[in-house]
Number of protein chains: 2
Amino acid sequence: MFEDKEQARTPVSELGEFGLIAHLTKGFQLKQPTSVKGIGDDAAVISSEENKQLVLTSDMLVEGVHFDLGYMPLKHLGYKSVIVNLSDVYAMNAEATQIIVSIALSNRFPVEAVEELYSGIATAAKLYGVDVVGGDTTSSTSGLIISISAVGQVESERVTYRSGAGENDLLVVTGDLGAAYLGLQVLEREKKVFEVNPNAQPDLEPYTYLVERQLKPEARKDIPSLLAELEVLPTAMIDISDGLSSEILHLCKESGVGCNLYEEKIPLDPQVIQTCEEFQLDSTTIALSGGEDYELLMTIRQEDFPKIKGNPNLTVIGHMTSPGDGAHLISRAEEKIPLIARGWNALKEE
Amino acid sequence: MFEDKEQARTPVSELGEFGLIAHLTKGFQLKQPTSVKGIGDDAAVISSEENKQLVLTSDMLVEGVHFDLGYMPLKHLGYKSVIVNLSDVYAMNAEATQIIVSIALSNRFPVEAVEELYSGIATAAKLYGVDVVGGDTTSSTSGLIISISAVGQVESERVTYRSGAGENDLLVVTGDLGAAYLGLQVLEREKKVFEVNPNAQPDLEPYTYLVERQLKPEARKDIPSLLAELEVLPTAMIDISDGLSSEILHLCKESGVGCNLYEEKIPLDPQVIQTCEEFQLDSTTIALSGGEDYELLMTIRQEDFPKIKGNPNLTVIGHMTSPGDGAHLISRAEEKIPLIARGWNALKEE
């Protein structure tokens, strides 16, 4: 419904692979001191700062699986594809510094469409201060595939794994949860309305926060530096891409501990609460299983609590327990309910 | 014709994304001293050796564009997808150390097929001494897509770009050229024969080298260390993925020089010469435009010639000229023919 049918259509074949990459990346500048060589050689060259380690992550987004161009404008898709990768870098407590972008696209995409996609990528890169140091553009027999690799740097002693959580550590989450998933529900409903009545004007006003969290998610670039400032080194950290319960179970498994999560502590935006009522959904379930929030979930030592207390970015939602205890949600009614992974999983048919 | 229709078929959905990655990567060990953390966290962690820079490259292979599973067994495909990336690392004069593998696949691929693919990836990684430090496996609506990122390390003063070639530098190539492209021609011919007569037994005996160069190419891991041993630092280097002429033009453009390439010097395997005769193809054209050889093309200073003279891995095929001269092939008949890029280009419709 958001696609512009009037746009110019220059076939990609007019430029060819090298021409297209040159065209798309001509405005890109290297800003990071560690970016030695960007696009234009066999590989990018990156220097490492003293006492720092590099983190490296990669994610692939496939049309029809991870996104639907029916309600995801290409520019937003480009933006989001960078964000999901940066989120993984921040989850290591690192600063994101470089990305490499690979795109495969079918001939239904004209140059103008790829420009849209790249403008979203460029916007995210600029805003998050990462350099685009590599690019590969190729054909696909059907649809659009975006694969991005992201590099970050972090002082060796501050790298934070999933595996360091200890018994009695506090479970802390950034921001609020569930909004991105609800945004998708809103968009899917509007798409169905549009399919039945193409003249219907979507009224997204009451859902602006939700739709924005779905279409233009942000990654928590601020958290690694905030933690350094607060002099808090998390014992474990992970980003919330699949849903809170799934990520908690990852931390428990990798760290060999159990967890009590308190339902009443889970941070929810008022729009999430209202929209859950309207859609007759349970807001806790949405927060636990919704996914795509790109917030960070971490564990910190009890003695660090005074340092984070009152910080609006950080909410304590539970604590780690002994391994034998397993992972549980403690409900408002003080029931103890085992946590199960119900996160979004591209390969599991549900 | 090489597909085994009898194989077991376990649907990928039985394992799910995390289960599948765990299953596929359980035998992977970290051997590189710079691999701090491999698969199993939000990102891999890599340390950098003192005075070294990192090189980073990424390539995406798409079914129906870069490979045809009709004559490319999955194990070979996995192997080749690693090789094409390592080749880019070696082209920077670096040692390849880590790779990250992202795969998207449709539900027509059972777990056994993905295992085949991964066994090829694992074989290449082991043989080339690189660690698989990351993996992402997801669904695709159609076909198979493989995206690999490779990391390498190199002493800062030995990084070799495309842009350093000077006038009068010698143009040097490793190995021999054209075989991979001819291998593809042989396989495509056999596929057509098979389509007409499914009982036909392919006779690939006279083409073993060609078919192997196409299906199981190797990257020149040996060259960066050989060059260091010979105390030769190339002024420029690139890998030959698109064909010799296209790569020469890249070197000329990035270095701002011209080039004379001598037809009689281009190294050809006897099987290439014989098969070109049989197929009525011009072997020079095949070497210039064939692509997928994954040899390295470099320029060295004239004074370094004695150091490489007689080395069976390195053949001088021309020299760089002043920028105004352009890039030319000097034919056996001593005609001067302008080089044009006719390399394989996934986006250019020819």
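No experiment lies behind these values; they were computed from the predicted model shown.

*Asks:* Sorry if this is basic, but what is going on with the relation of the copies chain A and chain B here?
*Replies:* The operation relating the pair of chain copies consists of a rotation about an axis and a translation along that axis. Between chain A and chain B, which share one sequence, the superposing operator has a rotation angle of 180 degrees and an axial displacement of 0.0 Å; the RMSD is 0.0 Å. What the rotation and shift describe, once combined, is the action of a two-fold rotation axis. Mapped onto chain B, 100% of the interface residues of chain A again fall at the interface, so both copies present the same surface.

*Asks:* Looking at this model, I keep getting lost on the sheet that holds strand β7 (residues 170-174) of chain B. Mind explaining?
*Replies:* Adjacent strands of a sheet form backbone hydrogen bonds with each other and so pair up, either parallel or antiparallel. Residue and element names in this part refer to chain B. An order of β8-β10-β7-β11-β9-β12-β13 is seen for the seven strands of this open sheet, with the pairing classed as mixed. Of all the strands in the sheet, just β8 (236-239) and β13 (336-338) have a single pairing partner and so form its edges. Here the average twist between neighbouring strands, direction ignored, is 25 degrees. In the sheet, β8 pairs with strand β10 (residues 296-300) via four bridges, with the strands oriented antiparallel. The residue bridging D239 from the neighbouring strand is L296, located in β10.

*Asks:* Would you mind going over the interface of chain A and chain B with me for this structure?
*Replies:* Many structure descriptions define interface size as the accessible area lost when the parts assemble. With 56 residues of chain A at the contact, the number on the chain B side is 56 residues. Tallied by class, the residues present in the side of chain A that touches chain B amount to 25 nonpolar, 20 polar and eleven charged. Of the strand pairs in this sheet, strand β3 (residues 52-62) of chain A and strand β2 (residues 44-47) of chain B are connected by four bridges, and their pairing is antiparallel. Bridge pairing in β2(B) places L56(A) opposite A44(B).

*Asks:* Help me understand unusual backbone geometry, please; the structure alone is not making it clear to me.
*Replies:* Where the residue is not glycine, phi is negative for most of them; where a peptide bond is considered, it is trans in most cases. Although it is not a glycine, Q280(A) sits at a positive phi angle of roughly 55 degrees. By secondary structure assignment, the location of Q280(A) is in the loop between α8 (270-279) and α9 (283-289). Looking at Q280(A), the number of C-beta atoms within 10 Å reads 6, which means it is exposed. Even without being glycine, E334(B) reaches a positive phi, approximately 60 degrees.

Thresholds applied
- Residues numbered from 1 in each chain as written.
- Chains lettered and ligands numbered in written order.
- Predicted model: local features only at pLDDT ≥ 70, side-chain atom pairs only at ≥ 80, totals over all residues.
- Least-squares fit on C-alpha atoms with pLDDT ≥ 70 in both.
- Contact = placed C-beta atoms within 7 Å.
- Pairing = 2+ DSSP bridges.
- Helix = DSSP H or I, 4+ residues; strand = E, 2+ residues; numbered from the N terminus.
- Axes fitted to C-alpha atoms, helices over the stretch in contact; angles between N-to-C directions.
- Nonpolar A, V, L, I, M, F, W, Y, C, P; charged D, E, K, R; others polar.
- Buried ≥ 20, exposed ≤ 12 C-beta atoms within 10 Å, placed from the backbone.

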